[in-house]
Every structure is written in C-alpha cells, then in structure tokens.
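Remarks on the overall topology
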Amino acid sequence: MSSPTDSSPRPRRFHDEPLIDILRHLREELRAGGARIEVPDPDLGRGCYPGERAGPGGGLVHRPLRSWCDLAEGLSCRLLTPRTVDATHVALTFERLGAEAPWHAGGEKTEEAHPPQERYGTGSAFARVRKLEDAGFLLPWLEALGRLKLPPGARVLDLGVNRGDELAAFAWLEGAPDVTFVGVDHGASALAEARARFPDARHRFVLADLNALPADLGRFHLVVSVGTLQSPGVDDHALLRKLVQEHLEPQAAFVLGFPNSRFRDGEVVYGARVRNLREPDLSLLVKDLSFYRRYLHQHGFRTWLGGKYDLLLTAVRGGDSSSAG
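Residues numbered from 1 in each chain as written. Predicted model: local features only at pLDDT ≥ 70, side-chain atom pairs only at ≥ 80, totals over all residues. Heavy atoms only, no water.

So, the overall build of the protein chain
The cut-off we apply is this: To qualify as a helix, a DSSP run of H or I must reach at least 4 residues; to qualify as a strand, a run of E must reach at least 2; elements of each kind are numbered from the N terminus. Between two residues, a contact is recorded if the distance between any of their heavy atoms is within 4.5 Å. Where accessible areas are quoted, they stem from the Shrake-Rupley method and a 1.4 Å probe; at the residue level, only the protein chains shown are allowed to cover. In this charge count, Lys and Arg are treated as positive and Asp and Glu as negative; neither His nor the chain ends contribute. To locate a charge, take NZ of a lysine, CZ of an arginine, CG of an aspartate or CD of a glutamate.
When you go through the protein chain residue by residue, the secondary structure sums to 7 helices and 16 strands. Intrachain contacts of the protein chain at a sequence separation of at least 6 include 63% that bridge at least 24 residues. When the accessible area of the protein chain is evaluated, it comes to approximately 16,800 Å², of which 50% is carbon and sulfur surface. A gap of 3 Å separates the mean positions of the 41 positive and 43 negative side-chain charges of the protein chain.

Below is the structure:
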C-alpha cells in the first residue's frame, strides 16, 4: 500500500466503537490491499485495560498498542509506526504481509538454489534472521539458560548450532558459567561462520548428520537444540533416546526449542503451521511436547515449559534446580 497523501480520503475515525466493528472495517479495506484508520491514542489510557474508558471526559475506548499489534498479526498485516493526528487520536496503517519465508514447509522450494545441507547456510534466506535481536526470542532464551545451574567445566552440546547464535547468549548471563561447547550441524558454511565467531579452544564445531552423531562426542551436562529436532529427515525420537542413553552425565539438562512461529516478509508471525494448512495449527506441536515431557519424566527429569515464538522445554535431572517441575 502506498503512503497516504494530502489528496487521500480521510481515514475512518473511531472513538468508542466495539473492536468487532473495527475488525470488520479493516477486513473490508484490506481487500483493496491496505488500510488506514484513526483510533484513540493508546498513551491516553496508560493503566487502563482494553475496552476501558479513557481520554478527555472518558469519551474514548482505550486499546493498548500491543492490542493493535496483535490485531495486525491476526490479519496477516504489518502495523506501521503510529502517527499523531491530534491531541486524542493517532493514525494506524496496516499493510498486507508478503509470502512466508522459503524455508518453511509449503513455502518456495529452495533445493534448486541450495543443496539440502545448505538450506540454512550462509547463502540462504535463513541467514538474514537474527533471532536473538528479537525480544520474543531473546528474553525466554535467557530465562531458560538462567534457570540452569551448570557445574564448573560443564560441557554443552548444541544440535543444529548453525552460526552459534544460541551459544553467544551464554556469555550474556550474569556470572557467565565456565563451560565448553560442542556444536553439531550438517551445514558447512554455517559452521565456518561459527568457527570464525568462536575461535577459542572452548568451542568445537562438528560437521555431522544428527541421525548419525559421531561416537567420540562424549557426555554432556547440557544439550540445547532450537528448531532442529522437528526438521524433515531427523528421527527426533531415536535421537532423544540416544542422547539420554549415551551422551548425558548423571546430572544433566536439556533446553529444547519447538518452533511456534513463522517468518513472513520480515515479520515473526506467532503460531506453528503444518504443511498444506494456511492457518496456524498447534496440534502436532502439542503432540511433540507431550512425547518429550513423558519420555523425560520417565528418565528422571523434571520439566518446565516456557517461551513464545519458540516454546522452550527445559528438563533437569539431578542437581538442586528448583524452578523446573
């Protein structure tokens, strides 16, 4: 949608109408490609809940900026930065989002441009993503890591390490733990970038298929994997059993990330989606989480589930971590 000009018709102004009326208006406008409306300034209702009266004389219905962001996401739109109209109203512009990122199921095929091993390599569209620059990913990840109590000299295994973004977060923790890292990935270009980022002896990066982990990896105090175990071609159930039986210390932990979002036209869109369905469907995600929690409970782990765009399953066996349960 092009930016409004002085000759553009004035957008519809809302004061105290129900949100359902605004939703219907936006859907009608978006059929033409974009929509612009004027709504009560969210700053006038600080401390109010959505739907409460606010503003001069209580004549306006308050909706926080977060609510407008949620509405835009639900309409598959980008919400542009609100612009002040006058003392009581701001203008909101909604733009339809483009296609989903090509690496998602059902998206544009990438195999022709990149071999399967380089689907997430440095030359792929995925290389544009910096998840830990998004608060929806960063804050839950730091919270999950901060819940762990790793012993000095602990070994950490990252499956699907790519360029090592998750490993970088360990250094950001208060009282950063003294640990060594082993990262495994099947993408040579991503691992080359990881080695350049972490050239010290505490980091080792291994080119391997997750279905055939090298026998000499050893045992670890923590295994992390974000958005990898559910990848096509990975036998995640067999891999989980192998990790528990062959690669964990008696007192050990997992932090496993299950994607609950999609990338679309530069935006992160909440909700997992399965192949051949246009709308989010969390049924397979719930099924996977149920299996993982049940299996880990059977092997003496306590679990805790958090996160937003990645649902983070933290599992702890032994030790004195009291936050998981």
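Focus: the confidence of the model for the protein chain
For clarity, the cut-off: On a range of 0 to 100, pLDDT expresses the predictor's confidence in each residue.
On average, the protein chain scores 90 in pLDDT, and the residues at 70 or more come to 90%. Confidence scores differ between elements of the protein chain, with strand β14 (residues 267–270) showing the lowest mean pLDDT of 92 and strand β6 (residues 83–84) the highest of 98. Every residue in residues 1–5 scores below 50 in pLDDT, and together they form 8 contacts with partners more than four places removed in sequence or on other chains.

Brief notes about the packing of aromatic side chains
So the rule is basically this: Paired rings are identified among Phe, Tyr and Trp, the last through its six-membered ring, by centres lying within 6.5 Å, and are further divided according to the angle between planes into stacked (under 30 degrees), edge-to-face (over 60) and tilted (the rest). When accessible area is computed with a 1.4 Å probe and restricted to protein chains, residues below 20% of their type maximum are described as buried, those above 50% as exposed, and intermediate ones as partly exposed.
All chains considered together, the criterion is met by 11 aromatic pairs. Centroid distance F198 to F205: 6.3 Å. Interplanar angle 35°. Geometry classified as tilted. Residue F198 is classed as buried on the basis of its relative accessible area, which comes to 13%. Seen from their ring centres, F254 and F301 are 5.7 Å apart, and the 50° between their planes marks the pair as tilted. In this pair, F254 is assigned in strand β12 (residues 248–259) and F301 in the loop between α7 (283–298) and β15 (302–307), connecting sequence segments 47 residues apart. The residues F254 and F301 share a single accessibility class, namely buried. Aromatic rings pair up to connect W103, Y120, F126, F137, F263 and Y309 into one cluster.

Details of the side chain of D185
The test is simple: By convention in these notes, a salt bridge is any Lys or Arg side-chain nitrogen within 4 Å of a carboxyl oxygen on Asp or Glu. Counting of polar contacts relies on pairs of N or O atoms within 3.5 Å, with two restrictions inside protein: one atom must be capable of donating a hydrogen and the other of accepting it, and residues adjacent in sequence are counted only when both atoms are side-chain atoms.
For D185, the position within the fold is in strand β9 (residues 179–185). Among buried Asp, Glu, Lys and Arg side chains, D185 stands out as unpaired, with R195 the closest opposite charge at 10.0 Å. From its side chain, D185 meets the backbone nitrogen of V161 in a polar contact 3.3 Å long. Side-chain polar atoms of D185 contact the backbone nitrogen of G187, separated by 2.9 Å. Apart from residues lying up to four places away in sequence, D185 is in contact with G160, V161, N162, L191, V206, L207 and A208.

What to know about the sheet that holds strand β10 (residues 203–207)
What counts here: Criterion used throughout: strands pair if DSSP finds at least two bridges between them. Between N-to-C directions, angles span 0 to 180 degrees; the directions come from axes that are lines fitted to C-alpha atoms, helices contributing only their stretch in contact.
Taken in spatial order, the 7 strands line up as β10-β9-β8-β11-β12-β16-β15 in an open sheet, and their pairing is mixed. The sheet is open, and its two edges are formed by β10 and β15, each paired on a single side. Taking the axes of each pair of neighbouring strands and ignoring which way they run, one obtains an average angle of 15° across the sheet. When strand β8 (residues 154–159) meets β9, the two strands line up parallel, connected through 6 bridges. Counterpart to L159 in the pairing with β9 is V184. Relative to strand β16 (residues 310–317), helix α3 (residues 135–146) is tilted by about 5°, and along the sheet it contacts β11 (220–226), β12, β15 and β16.

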